[in-house]
Every structure is written in C-alpha cells, then in structure tokens.
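Understanding the architecture of this molecule
The chain contents come next:
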Amino acid sequence: MSQTLFERLISGELPTKVIYQDELVFAFPDINPVAPTHVLVVPKKPIPRIAEAKEEDQVVLGQLLLKAASVAEMLGLEKTGYRLVINNGRDGGETVPHLHCHILGGRTLRWPPG
Ligand code: 5GP
C-alpha cells in the first residue's frame, strides 16, 4: 500500500519542522494554521482514523493524548489553554486519512465549532 502524506513527513521524505517525536508519535506544525499555534500530533503507525483504531492500539492512543498535552505545555499553551481536535470522516472534516490530533491555541476558540 502507498504511504500516507504523514508517513512521508515522518520519514523525512517531505520536509517539516519536527516539534517532538518518540518511537510512537510525531508532532509537527500544520501547513495551514487556523490558530497562532496549530500543531499536529500523529501516531507513527498509520491508523487511518480514530474509528478504525483497534484494542491493540491502546498504548499508541494513550501516547498520542499524553504527548499532545506535553507538546502543548512545551509550546507555552498550558496557562491560557488550548483545544485538542480529532476529525473523523467526511462530516468531521477529516482530509488526511492518517489519524492525527490537532493542537490549537494562542487565541480564544469559539464553541461550538462550525
Ligand atoms: P484534517 O482536516 O484531516 O483533520 O487535518 C489535516 C491537516 O493536515 C490540515 O489541517 C492540513 O492543513 C494539514 N496538512 C495537509 N497537508 C499538509 C502537509 O503537507 N504538511 C503539513 N505540515 N500539514 C499538512
């Protein structure tokens, strides 16, 4: 099967700034930021979307959320707050079929989202 866009960023085939990585997850700036801070945290394993995650993915899913929080803190968002977003499927606004968690911060975010 062909590699996902995010796998190509993870491998270094496509260029990106690396904000954080470990054996399970990879964090990098979104190319089209919708907030002053907009970072994506993705599992290195190309799980297409949260709806397709399996029981065996428990550890990687835990790491995804834990590291999203620690990257947000590293980026100075802890005090003012931030939002973590996972889009799933068409109505959720998913455009890249490789699970990712958006970290959005640096401005007040409205609720509910559009
Ligand atoms: P989704 O809409 O699937 O939740 O989020 C996909 C995100 O990937 C979008 O916010 C989009 O801007 C970002 N994105 C798409 N292509 C690239 C790319 O080549 N590099 C980076 N850094 N982000 C990308």
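Refer to the structure above for everything that follows.
We now turn to the structure provided with this report. (Residues numbered from 1 in each chain as written. Predicted model: local features only at pLDDT ≥ 70, side-chain atom pairs only at ≥ 80, totals over all residues. Heavy atoms only, no water.)

1. Structural notes on a nonpolar patch on the surface
A contiguous nonpolar patch, built from L65, Y82 and L84 and spanning about 240 Å² of accessible area, is present on the exposed surface. Among the secondary structure elements, L84 is positioned in strand β4 (residues 82-85). Overall, the relative accessible area of 33% leaves L84 in the partly exposed class. (Patch = residues over 30% accessible without salt bridge, like charges linked within 9 Å, V, L, I, M, F, W, Y side chains within 5 Å. Areas by Shrake-Rupley, 256 points an atom, 1.4 Å probe, with all protein chains shown as cover. Salt bridge = Lys/Arg side-chain N within 4 Å of Asp/Glu carboxyl O. Helix = DSSP H or I, 4+ residues; strand = E, 2+ residues; numbered from the N terminus. Buried < 20%, exposed > 50% of the residue type's maximum accessible area, 1.4 Å probe, protein only.)

2. So, the environment of V42
Checked against the element boundaries, V42 lands in strand β3 (residues 37-43). Using a relative accessible area of 0% as the deciding quantity, one classes V42 as buried. The spatial distance from the C-alpha of V42 to the C-alpha of G12 is 14 Å, given a sequence separation of 30 residues. Non-local contacts of V42, meaning those with residues more than four positions away in its chain, are made with F6, I10, L24, V25, F26, F28, L64, H98, L99 and H100. (Contact = heavy atoms within 4.5 Å.)

3. Points about the site of the ligand
Around the ligand, the structure places 16 residues, and the nearest of them are P29, D30, N87, T95 and H102. Within the backbone of I31, one N or O atom sits 3.2 Å away from a nitrogen atom of the ligand. The separation between an oxygen atom of the ligand and a polar main-chain atom of T95 is 2.6 Å. Burial of the ligand by the protein amounts to 82% of the accessible area it has alone, namely 520 Å². (Near = heavy atom within 4 Å. Polar contact = N/O pair within 3.5 Å; in protein donor to acceptor, adjacent residues only side chain to side chain.)

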